[in-house]
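This is what each chain is made of:
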Amino acid sequence: MNYIKFLGTAGARFVMISQLRYSGGIFFSIDGIFFIVDPGPGTLVRAVQSKPKIDLTKIDGIFLSHRHIDHSCEINLMIEVMTDGGFKKKGVVFAPSDCLFEDPVILLYCRNFPEKLEIIEEKKKYEFKNLELGIPIKHRHGVETYGFKLKTKDKIISYIPDTEFFPDLIGAYSGSHILIINTVLYEKRENIQHLCLSEAEEIIRNIKPEKAILTHFGMTMLKNKIWEKKEEISKRVNTEVIIANDGMTFEF
Ligand SMILES: [Zn+2]
């Protein structure tokens, strides 16, 4: 069984700082390949404490969408975990160039630990074991930010991390069967480069995935009890929408 496990669903600084929601990133188990996406604060602890326990030493890859601390905090730790403290050269790290060359969040000392360090760029495709990882478009989020489209045997699983809304997102992620969207804001706020609920809905309505999963919630999403609105949102977009919670496992 393939699955995605949400080790954290916190978005925005205050939800992370207060740990109102955990911030442990997203774990994927697909066709026998394991990887972790955006390992924010607490990823290792959440993995070890989850039931059943997730053994991050088994991961084959790490994907970092951008350098912000709620996504990148445990990137170096994950590299150490994946490579057995640097003693076992293995796995791939996918990261934007500014995470390496501009005030780097990936430390120099552990860059040689993984088998490969892929600097991701828009419109490029990368081989990842039996999977194909495509970077559809550069997001608008202040720092270099990318999501992915992951092609498995029979599905395309996509991750839309932090970004402001722009119409090209829809074409870029079209064809996705499972669509994970970081939806920080309940209502639109100017000059904050994050998606709000109605923008996430517009993306879902146009892409028509089999299932959409909202995660990475800011304070306004929690105050408005987003988890109670699953039915009405699903109805509005004519697609099953899942509201992630900490520790949730989504099987497919
Ligand atoms: Zn961010």
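You'll find the structure just up there.
What you are looking at is a predicted structure, and each value in this text was computed from that prediction instead of being measured.

(A) Layout of helix 4 (residues 75-82). Judged by how many residues are buried, helix 4 sits mostly within the fold: 6 of 8 residues are covered. In the core, the buried residues of helix 4 are packed alongside strand 3 (33-37), helix 2 (43-49), strand 4 (61-63), helix 3 (69-72) and strand 5 (92-95). Note on helix 4: the residue one or two positions beyond its end, D84, has a positive phi of about 55°.

(B) View of the pattern of salt bridges. Per the stated rule, a full pass over the model turns up 14 salt bridges. With a shortest N-O distance of 3.8 Å, E240 and K211 are connected by a salt bridge. Taken together, the positions of E240 in strand 13 (residues 240-243) and K211 in strand 12 (residues 211-215) put the pair 29 residues apart, joining distant regions of the chain. Looking at E240, the relative accessible area reads 36%, which means it is partly exposed. Residue classification places K211 among the partly exposed positions, given a relative accessible area of 28%.

(C) Region of the structure containing the coordination of the zinc ion. Surrounding the zinc ion are the protein donor atoms H66 (NE2), H68 (ND1), H141 (NE2) and D162 (OD), which sit 2.1 to 2.4 Å from the metal. Considering all 4 donor atoms around the zinc ion, angles at the metal cover 88 to 178° and the coordination shape is irregular.

(D) Here's a closer look at a nonpolar patch on the surface. On the surface, F14, I17, L20 and M219 cluster together into a nonpolar patch covering about 430 Å² of accessible area. One can find M219 in helix 8 (residues 219-223).

(E) Here's a closer look at unusual backbone geometry. Along the chain, K51 connects to P52 via a cis peptide bond; the corresponding omega equals -5°. If you trace the backbone, P52 turns up in the loop between helix 2 and strand 4. With phi around 55°, Q19 is a residue other than glycine that occupies positive phi space. Structurally, the position occupied by Q19 is in the loop between helix 1 (13-18) and strand 2 (23-30). Phi at D38 takes a positive value of approximately 50°, unusual for a residue other than glycine. Summarising the element assignment, D38 is placed in the loop between strand 3 and helix 2. Exposure remark for D38: the relative accessible area of 4% places this residue in the buried category.

(F) Examining the sheet that holds strand 1 (residues 3-8) more closely. Strand order in this open sheet of 7 strands is 6-5-4-3-2-1-14, and the pairing throughout is mixed. Of all the strands in the sheet, the pair left with one neighbour each is strand 6 (116-119) and strand 14 (249-251). Ignoring which end each strand starts from, the neighbouring axes of this sheet average 15° apart. Across the sheet, helix 4 is in contact with strand 3, strand 4 and strand 5; its angle to strand 4 comes to roughly 170°.

(G) Region of interest: the packing of helix 7 (residues 197-207) against helix 9 (residues 230-237). One can describe the packing of helix 7 onto helix 9 by two numbers: an axis separation of 9 Å at closest approach and a directional angle of 45°. Accordingly, the angle class assigned to the pair helix 7 and helix 9 is oblique. As helix 7 packs across helix 9, the resulting crossing turns out to be right-handed. Where helix 7 abuts helix 9, its residues L197, E201, I204 and R205 lie against I233, R236 and V237. Broken down by class, the residue content of the contact of helix 7 with helix 9 amounts to 4 nonpolar, no polar and 3 charged.

Definitions and limits used
- Residues numbered from 1 in each chain as written.
- Predicted model: local features only at pLDDT ≥ 70, side-chain atom pairs only at ≥ 80, totals over all residues.
- Heavy atoms only, no water.
- Buried < 20%, exposed > 50% of the residue type's maximum accessible area, 1.4 Å probe, protein only.
- Helix = DSSP H or I, 4+ residues; strand = E, 2+ residues; numbered from the N terminus.
- Contact = heavy atoms within 4.5 Å.
- Salt bridge = Lys/Arg side-chain N within 4 Å of Asp/Glu carboxyl O.
- Donors = N, O, S within 2.8 Å, 3.2 Å for Na, K, Ca; no water.
- Tetrahedral: all angles 85-135°; square planar, octahedral: opposite > 155°, others 65-115°.
- Patch = residues over 30% accessible without salt bridge, like charges linked within 9 Å, V, L, I, M, F, W, Y side chains within 5 Å.
- Areas by Shrake-Rupley, 256 points an atom, 1.4 Å probe, with all protein chains shown as cover.
- Pairing = 2+ DSSP bridges.
- Axes fitted to C-alpha atoms, helices over the stretch in contact; angles between N-to-C directions.
- Parallel < 35°, antiparallel > 145°, perpendicular 65-115°, else oblique.
- Left-handed = near helix turned anticlockwise from the far one by under 90°.
- Nonpolar A, V, L, I, M, F, W, Y, C, P; charged D, E, K, R; others polar.

Purely spatial values, then, with no claim about function.
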